[in-house]
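Working through the structure, step by step
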Number of protein chains: 2
Amino acid sequence: MDIGVRLAEVVEDVRTGAEAADDYGHDEALGAVLVRPAYVVRPRTTDEVAGVLRLATEGRVPVTARGSGSGLSGAAIPSADGIVVSFERMNSVLEIDPDNHVAVVQPGVTLTELDERTAGAGLVYPVYPGNMGASLGGNVATNAGGMRAVKYGVTRHHVLGLEAVLPTGEVLRTGGRYVKSSTGYDLTQLIVGSEGTLALVTEATLKLQPRVRHNATLLAPFRDLAGVTDAVPKLVSSGLAPLVLEYIDFLTMAAITHTADLPLGVPDSVREKALAYLVVMLENRDADRLDADVATAGELLSDLGAMDVYVLPGGAARKLVEARENAFNTARSVGADDVIDTVVPRAALPAFMTRVTEIGPAHDTVIVGCGHAGDGNVHLALFQKDADKLAATLRDLFAAAMDLGGAISGEHGLGRTKKKYFLDLEDPGKIALMRRIKQAFDPAGVLNPGVLLD
Amino acid sequence: MDIGVRLAEVVEDVRTGAEAADDYGHDEALGAVLVRPAYVVRPRTTDEVAGVLRLATEGRVPVTARGSGSGLSGAAIPSADGIVVSFERMNSVLEIDPDNHVAVVQPGVTLTELDERTAGAGLVYPVYPGNMGASLGGNVATNAGGMRAVKYGVTRHHVLGLEAVLPTGEVLRTGGRYVKSSTGYDLTQLIVGSEGTLALVTEATLKLQPRVRHNATLLAPFRDLAGVTDAVPKLVSSGLAPLVLEYIDFLTMAAITHTADLPLGVPDSVREKALAYLVVMLENRDADRLDADVATAGELLSDLGAMDVYVLPGGAARKLVEARENAFNTARSVGADDVIDTVVPRAALPAFMTRVTEIGPAHDTVIVGCGHAGDGNVHLALFQKDADKLAATLRDLFAAAMDLGGAISGEHGLGRTKKKYFLDLEDPGKIALMRRIKQAFDPAGVLNPGVLLD
């Protein structure tokens with residue numbers, strides 16, 4: 001029987017042809033090719049998802065999960081003969097549990113929606129990957145990170161449990177409303193970050209934190225990147241528990257302030273000599289303590305060689321952080337051909353950036369960037385129209401990061417666009433093990449083929 | 001060729017017969033039977049470990065890793081025809097990296113040794129499972145937890161990377177000196193908590209925190225457990241970020257204070273009516289802020305129904321926490337037949353304890369306990385000499401915990417002694433998936449057979 005007819009038996013909302021619109025054929029990955037899927041299904045229930053997967057495994061039909069489509073590595077780009085499972089209608093916050101400090105969400109819930117719901121309970125889901133329109137399902141699939149990871153960690157650290165459907169249609173529940181468990185292999189953590197290749201997440205149990213009322217933002221220009229990276233471990237050691245430690249190079253800062261029309265009060269005399277900026281955000285439940293912490297941080301930054309320290313007014317701080325979070329769009333709007341999110345040990349940042357200044361010119365590629373300095377997570381925008389030269393640049397950058405003890409992607413995932421570098425550069429033994437794990441979940445190989453692994 | 005002869009070719013220190021002494025045949029699990037292994041090897045290098053594992057896979061010989069032997073579930077009990085790989089000679093702190101806030105350790109390093117080394121750098125490895133003589137390798141294998149998990153999480157949250165040897169002898173390096181990664185499946189987190197059944201860890205990269213100088217301990221007696229569990233989420237929400245939220249029932253408190261000769265200043269009039277105690281530990285880098293936080297916590301506890309609040313002097317606080325950490329030994333010394341470390345959502349603690357009061361008498365089993373109230377992690381000591389009745393009690397307790405959304409083990413692991421309940425009570429689909437994952441790592445089934453899975 002035709003797969004379309006059978007799909008309609010297990011899920012109410014099935015689209016094909018023109019209805020499986022172009023919107024379902026791409027994410028935000030730069031330079032990736034749009035692929036229109038054969039079918040788009042929009043389930044409302046876990047049972048519907050299970051039915052679709054059962055059929056897909058039987059018929060060996062590729063399946064690609066889709067949240068908000070805001071991914072940056074092409075993990076939501078389907079196969080032409082495949083099914084897109086769009087979670088846009090499984091978008092309910094099922095519960096905010098104030099006693100266990102947990103939210104239970106469906107995969108289509110956006111960060112904005114979750115933030116609104118947690119605020120009412122005085123709680124917060126503290127992962128801010130930079131796009132509040134992103135879905136929690138996508139965040140779980142890519143192990144999304146963001147600026148606040150230096151204090152709170154990444155998505156992985158806040159996923160306590162999952163409901164997930166295996167390609168065979170089996171529904172698993174992993175973990176629960178608790179932090180501690182030593183009861184078998186951690187299937188939750190294995191599924192987090194697996195980019196839709198092991199199982200489809202239909203529900204996530206997320207750890208919440210108390211929402212902290214007061215925060216403040218400091219901007220410290222430094223003469224060079226080494227000044228920034230030397231300062232970072234000292235700020236972390238200080239016990240001030242910074243929420244954000246963000247590095248912005250002078251080019252990105254110029255672009256951000258220009259695009260966002262953002263006067264930061266940095267005099268020309270300083271700006272002309274500042275090659276690197278450090279943004280420090282602090283938070284405290286108590287306003288007086290926050291003021292004292294800001295003063296301490298300011299003194300520490302000065303001692304550590306900051307050319308000056310500016311405490312940004314709330315509006316400017318918000319705009320700066322928004323503009324930084326929006327750096328991807330800024331890069332795209334000025335014609336970047338790719339963006340990467342490589343991670344290195346944070347003390348290796350200067351060494352990595354030195355390598356960047358060598359690798360770019362070697363391939364005639366212009367590279368500008370900023371980074372989550374507290375995490376060694378470097379965001380670079382690459383400008384190179386020639387596909388081969390771009391690929392050579394990417395390969396060298398990733399190899400340099402790995403050589404320094406880092407990894408290809410800190411938070412965007414490998415998807416389709418970074419996979420080939422991973423398969424090329426990573427230890428073959430590790431890749432073989434990952435393939436065997438993939439096989440343990442997905443013997444028919446229907447979940448997001450071509451993503452992460454081949 | 002004889003396996004003993006071949007072992008001697010790949011590892012310097014091989015023991016057999018009487019030399020493979022009884023010490024290598026057990027851990028601290030109550031009621032578990034000592035099994036003397038055929039061989040004990042004590043490698044000094046990863047190469048030696050790889051050589052042993054290669055031989056074991058070739059010859060289908062069971063291998064059991066051993067750290068300090070302080071496990072409570074029998075995961076370090078070997079097979080009679082098997083090899084014990086004791087990590088006692090791979091016991092170096094390889095590096096304290098103050099810039100990346102990381103320690104790199106061999107598996108035989110104890111928590112005490114790591115604590116001494118990190119102190120010098122103003123840093124701390126904040127996981128305190130209660131036995132400072134435990135090895136990091138064992139901590140990683142069981143995903144050890146402890147009292148401070150309510151603030152800092154468990155072992156899993158502090159393991160950034162591993163060097164691990166697969167049963168085939170392949171050496172893998174996973175993760176690194178960074179928190180963020182979205183680069184393939186998280187092999188690190190899969191190996192953590194796998195109780196020596198997937199790979200042998202030969203090096204761990206651990207995340208450190210700034211060492212906080214000042215702490216204080218409050219003791220709050222409540223009329224009943226519900227008072228304690230109601231107070232816990234409010235203490236967490238308060239933003240005071242308690243380091244420890246520990247529940248101690250009146251029987252355990254009596255045993256602890258008696259055993260440790262520990263006067264806590266609780267007058268008889270209060271003690272007679274207090275069925276449940278909450279221990280709250282706070283920390284702050286600033287002594288004045290700590291004092292203010294102690295005052296705030298005291299008011300909050302009073303508002304929440306504490307019969308009184310005692311700020312314990314440093315010596316008494318330390319002794320109380322030590323005695324609580326030592327509760328296992330206390331239980332053993334008074335003849336407990338088993339101890340469990342079940343976890344439930346913390347709001348489900350009163351419901352669980354109600355079930356405990358029904359389950360114990362139903363099987364003529366005396367059950368006393370205390371717990372990590374902030375985590376819903378309940379430690380119970382069971383007194384029942386009849387093996388069948390004990391097993392029936394355990395089964396009912398675990399089933400009750402799972403029914404309330406919890407899990408069998410919060411931090412001790414399943415090992416040999418809790419495995420049968422896991423296999424009996426857990427979703428067969430999940431167990432089948434775990435078996436397939438096991439197969440992906442260990443096709444010959446040589447790593448700790450009989451532990452966690454059959």
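Refer to the structure above for everything that follows.
Here we summarise the structure given alongside this text. (Residues numbered from 1 in each chain as written. Chains lettered and ligands numbered in written order. Predicted model: local features only at pLDDT ≥ 70, side-chain atom pairs only at ≥ 80, totals over all residues. Heavy atoms only, no water.)

1. A short note on helix H10 (residues 287–303) of chain A
Structural remark: α-helix, 3.6 residues per turn; residues separated by three or four positions point the same way. Selection criterion: Runs of H or I in DSSP of at least four residues are treated as helices and runs of E of at least two as strands, each being numbered from the N terminus. In a helix, the anticipated span is given by 1.5 Å times the number of residues less one. A 1.4 Å probe rolled over the protein chains alone gives each residue an accessible area, and that area as a share of the maximum for its type sets the label: buried under 20%, exposed over 50%, partly exposed in between. We call two residues in contact whenever any of their non-hydrogen atoms come within 4.5 Å of each other. What qualifies as a polar contact is a pair of N or O atoms within 3.5 Å, subject to a donor-acceptor requirement within protein and to the restriction that residues adjacent in sequence count only when both atoms come from side chains.
The end-to-end C-alpha distance of H10 of chain A, which contains 17 residues, comes to 24 Å, matching closely the 24 Å that a straight helix rising 1.5 Å per residue would cover. Residues of H10 of chain A that are buried: Arg289, Leu290, Asp293, Val294, Ala297, Gly298 and Leu301 of chain A. Contact partners of the buried residues in H10 of chain A: strand S12 (214–222), helix H7 (225–237), strand S14 (276–284) and strand S15 (310–312) of chain A together with strand S14 (276–284) and helix H10 (287–303) of chain B. Between the side-chain oxygen of the N-cap and the backbone nitrogen of Asp288 of chain A there are 2.9 Å, and the N-cap of H10 of chain A in question is Asp286 of chain A.

2. Points about the relation of the copies chain B and chain A
Mapping between the two copies of the chain is achieved by a rotation about an axis and a shift along the axis. Selection rule: What sets the superposition is a least-squares fit of C-alpha atoms, and only residues with pLDDT of at least 70 in both copies go into it.
Screw-axis analysis of chain B against chain A gives a translation of 0.0 Å along the axis, an RMSD of 0.0 Å, and a rotation angle of 180°. The relationship between the two copies is best expressed as a two-fold rotation axis. In this assembly the copies share their binding face: 100% of the residues contributing to the interface of chain B also contribute to that of chain A.

3. Description of the interface of chain B and chain A
Stated precisely, the cut-off is as follows: Throughout, the accessible surface (probe 1.4 Å) given up by two parts as they are put together, summed over both, is called the buried area. Any carboxyl oxygen of Asp or Glu that lies within 4 Å of a side-chain nitrogen of Lys or Arg is treated as forming a salt bridge with it. Polar here means any residue other than Ala, Val, Leu, Ile, Met, Phe, Trp, Tyr, Cys and Pro, which are nonpolar, and Asp, Glu, Lys and Arg, which are charged; Gly is therefore polar.
Taken together, the contact pairs 81 residues of chain B with 81 residues of chain A. Taken together, both faces of the contact between chain B and chain A bury some 6,300 Å²; the carbon and sulfur share is 58%. Of all residues in chain B, Lys180, Ser182 and Tyr185 of chain B give up the largest surface area on contact with chain A, accounting jointly for 16% of the area buried on that side. Connecting chain B to chain A are 10 salt bridges. Taking the shortest distance from any N to any O, the salt bridge between Arg156 of chain A and Asp186 of chain B comes out at 3.0 Å. On inspection of chain B and its partner chain A, the count reaches 43 residue pairs in polar contact (both at pLDDT 80 or more). Among the elements of the structure, strand S9 (171–175), helix H6 (187–191), helix H7 (225–237), H10 and helix H16 (428–441) of chain B are those that each provide at least two residues to the side of chain B that touches chain A. Here the side of chain B that touches chain A takes 9 residues from H16 of chain B, the largest share from any one element. Across the side of chain B that touches chain A, the residue classes tally to 32 nonpolar, 31 polar and 18 charged.

4. A word on the packing of aromatic side chains
Our working definition: In this analysis, rings of Phe, Tyr and Trp, with Trp reduced to its six-membered ring, are considered paired at centre separations within 6.5 Å, and the interplanar angle assigns stacked below 30 degrees, edge-to-face beyond 60, and tilted for intermediate values. In this scheme, the term charge over a ring applies when either NZ of a lysine or CZ of an arginine sits within 6 Å of the ring centre and within 35 degrees of the ring normal.
Considering all chains together, one arrives at 2 aromatic pairs over all chains under this definition. Residue placement shows Arg148 of chain A over the ring face of Tyr128 of chain A; its charged tip is 3.7 Å from the ring centre.

5. Describing the sheet that holds strand S1 (residues 14–16) of chain A
All names here are of chain A. Stated precisely, the cut-off is as follows: In short, DSSP must find at least two bridges between two strands for them to pair. Orientation is described by axes fitted as lines to C-alpha atoms, over the contacting stretch for helices, and by angles from 0 to 180 degrees between their N-to-C directions.
In space, the 4 strands of this open sheet follow the order S1-S2-S4-S3, with mixed pairing throughout. Where the open sheet ends on each side, the last strands, each with one partner, are S1 and strand S3 (63–66). Within the sheet, the average angular offset between the axes of one strand and its neighbour, ignoring direction, is 25°. Note that strand S2 (residues 39–41) and strand S4 (residues 83–86) share 3 bridges and pair parallel.

6. Quick look at the pairing of strand S5 (residues 93–97) of chain A
Residues and elements named next belong to chain A. Where S5 and strand S6 (residues 102–105) come together, 4 bridges link them in antiparallel fashion. Bridging across to S6, Asp97 finds its partner in Val102. Taking the residues between adjacent antiparallel strands as the criterion, S5 and S6 are bridged by 4 residues, where His101 takes a positive phi near 55°.

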